Amino acid sequence: MHILAILLGIIGTGLFWAMRLSANRKNIGDAANTIHGAAVHAKNLPRQRRFKKAHNRKGFDLVEFPTEAATVLMIMMARSGDTRRMEPGEREVMETLLRTNMQLSEDDADGMIRQMDSLTHDVVLPESAIQPMTKILLDAVSKDDASDLADMLAQIAGADGDGPNVEQVEFLRRFKEPFDLN
């Protein structure tokens with residue numbers, strides 16, 4: 001008898017909620033579609049969150065590869081100069097270095113510089129790039145490659161003809177420190 005009462009209670013509860021759902025809907029089918037839509041939405045939430053998390057990154061968080069990190073460091077070295085922006089001569093040196101040392105085509109080198117420049121356009125302190133970019137490079141490059149990159153940074157610092165200023169020398173020193181290049 002108590003089992004019959006429980007079954008009637010479950011059926012009654014189901015009918016009660018079905019009527020409540022259909023009260024604002026034209027038929028039970030719309031209510032079922034609403035429930036199905038909610039279930040599909042709930043099923044897709046983890047995928048949507050992963051996508052949103054990946055695409056809500058900005059700034060240095062978007063840099064993943066050693067070539068990108070090296071390009072960001074080159075741009076920040078150029079911005080450490082007296083004018084606090086990348087001069088045309090420094091940009092030409094960067095493109096040449098990317099083509100010769102990192103085997104990029106002319107278009108790829110230009111695209112890499114444009115992309116990383118737009119990515120870091122809002123960075124006020126160029127030295128703030130050293131730690132996150134070095135973190136990427138420490139795992140991916142050898143000490144010899146890091147030494148070559150330090151030489152490339154020095155070439156960019158001297159590209160304007162005046163030689164590196166105090167900020168650029170300090171930038172280079174702080175870059176060399178984690179690689180034990182001093």
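Residues numbered from 1 in each chain as written. Predicted model: local features only at pLDDT ≥ 70, side-chain atom pairs only at ≥ 80, totals over all residues. Heavy atoms only, no water.

**Considering the packing of helix H3 (residues 66-79) against helix H5 (residues 106-119)**
- At a minimum axis distance of 9 Å, the contact between H3 and H5 shows a crossing angle of 70 degrees. Relative to H5, the element H3 lies roughly perpendicular. Remark: the crossing between H3 and H5 carries right-handed chirality. Contact residues: Thr-67, Glu-68, Thr-71, Val-72, Ile-75 and Arg-79 in H3; Met-112, Ile-113, Met-116 and Asp-117 in H5.
- In the contact of H3 with H5, the residues fall into 5 nonpolar, 2 polar and 3 charged. (Axes fitted to C-alpha atoms, helices over the stretch in contact; angles between N-to-C directions. Helix = DSSP H or I, 4+ residues; strand = E, 2+ residues; numbered from the N terminus. Parallel < 35°, antiparallel > 145°, perpendicular 65-115°, else oblique. Left-handed = near helix turned anticlockwise from the far one by under 90°. Contact = heavy atoms within 4.5 Å. Nonpolar A, V, L, I, M, F, W, Y, C, P; charged D, E, K, R; others polar.)

**Some thoughts on the pattern of salt bridges**
- Scanning all chains against the criterion turns up 8 salt bridges.
- For Arg-99, the salt bridge goes to Glu-95, with nearest N and O atoms at 4.0 Å. One end of the pair, Arg-99, and the other, Glu-95, are both in helix H4 (residues 88-101), 4 residues apart, so they sit about a helical turn from each other.
- Of the charged contacts, one joins Asp-110 and Arg-114 as a salt bridge, the two residues approaching to 2.9 Å between their closest N and O atoms. Taken together, the residues Asp-110 and Arg-114, both in helix H5 and 4 residues apart, mark about one turn of the helix. (Salt bridge = Lys/Arg side-chain N within 4 Å of Asp/Glu carboxyl O.)

**Digging into the environment of Ser-105**
- Following the sequence through the fold, Ser-105 ends up in the loop between H4 and H5.
- Between the alpha carbons of Ser-105 and Glu-95 there is a distance of 9.4 Å; along the sequence they are 10 residues apart.

**Describing the nonpolar core**
- In terms of nonpolar packing, the biggest core is built from 36 residues, with Val-72, Leu-73, Met-74, Met-94, Met-133, Leu-149 and Phe-175 touching the most fellow members.
- At the level of secondary structure, the elements contributing two or more residues to this core comprise H3, H4, H5, helix H6 (130-140), helix H7 (143-157) and helix H8 (166-176).
- Top element by residues in this core is H3. It accounts for 9 residues.
- Apart from the residues lying within four places of it in its own chain, the contact partners of Met-74 are Met-94, Leu-97, Leu-98, Met-102, Leu-149, Met-152, Leu-153 and Ile-156. (Core = buried A, V, L, I, M, F, W, Y, C linked by side-chain atoms within 4.5 Å. Buried < 20%, exposed > 50% of the residue type's maximum accessible area, 1.4 Å probe, protein only.)

**Description of a nonpolar patch on the surface**
- On the surface, Met-1, Leu-4 and Leu-8 cluster together to form a nonpolar patch covering roughly 390 Å² of accessible area.
- Positionally, Leu-4 belongs in helix H1 (residues 2-23). (Patch = residues over 30% accessible without salt bridge, like charges linked within 9 Å, V, L, I, M, F, W, Y side chains within 5 Å. Areas by Shrake-Rupley, 256 points an atom, 1.4 Å probe, with all protein chains shown as cover.)

**What about the side chain of Arg-91?**
- The residue Arg-91 is located in helix H4 in this model.
- Since its relative accessible area comes to 19%, Arg-91 is described here as buried.
- The contacts of Arg-91, once residues within four sequence positions are left out, are Met-86, Asp-110, Ile-113 and Arg-114.

**Here we look at H5**
- The terminal C-alpha atoms of H5 lie 20 Å apart, and with 14 residues this matches the ideal 20 Å at 1.5 Å per residue to within 8%.
- For H5, the complete set of buried residues consists of Ala-109, Met-112, Ile-113 and Met-116. For H5, the angular spread of the buried residues around the axis is 95 degrees, confining them to a single face. More than 90 degrees from the buried face of H5, the exposed residues found are Asp-107, Arg-114 and Ser-118.
- Each element contacted by the buried residues of H5 is listed here: H3 and H4. (Expected span 1.5 Å × (residues − 1). Arc of directions from axis to C-beta.)

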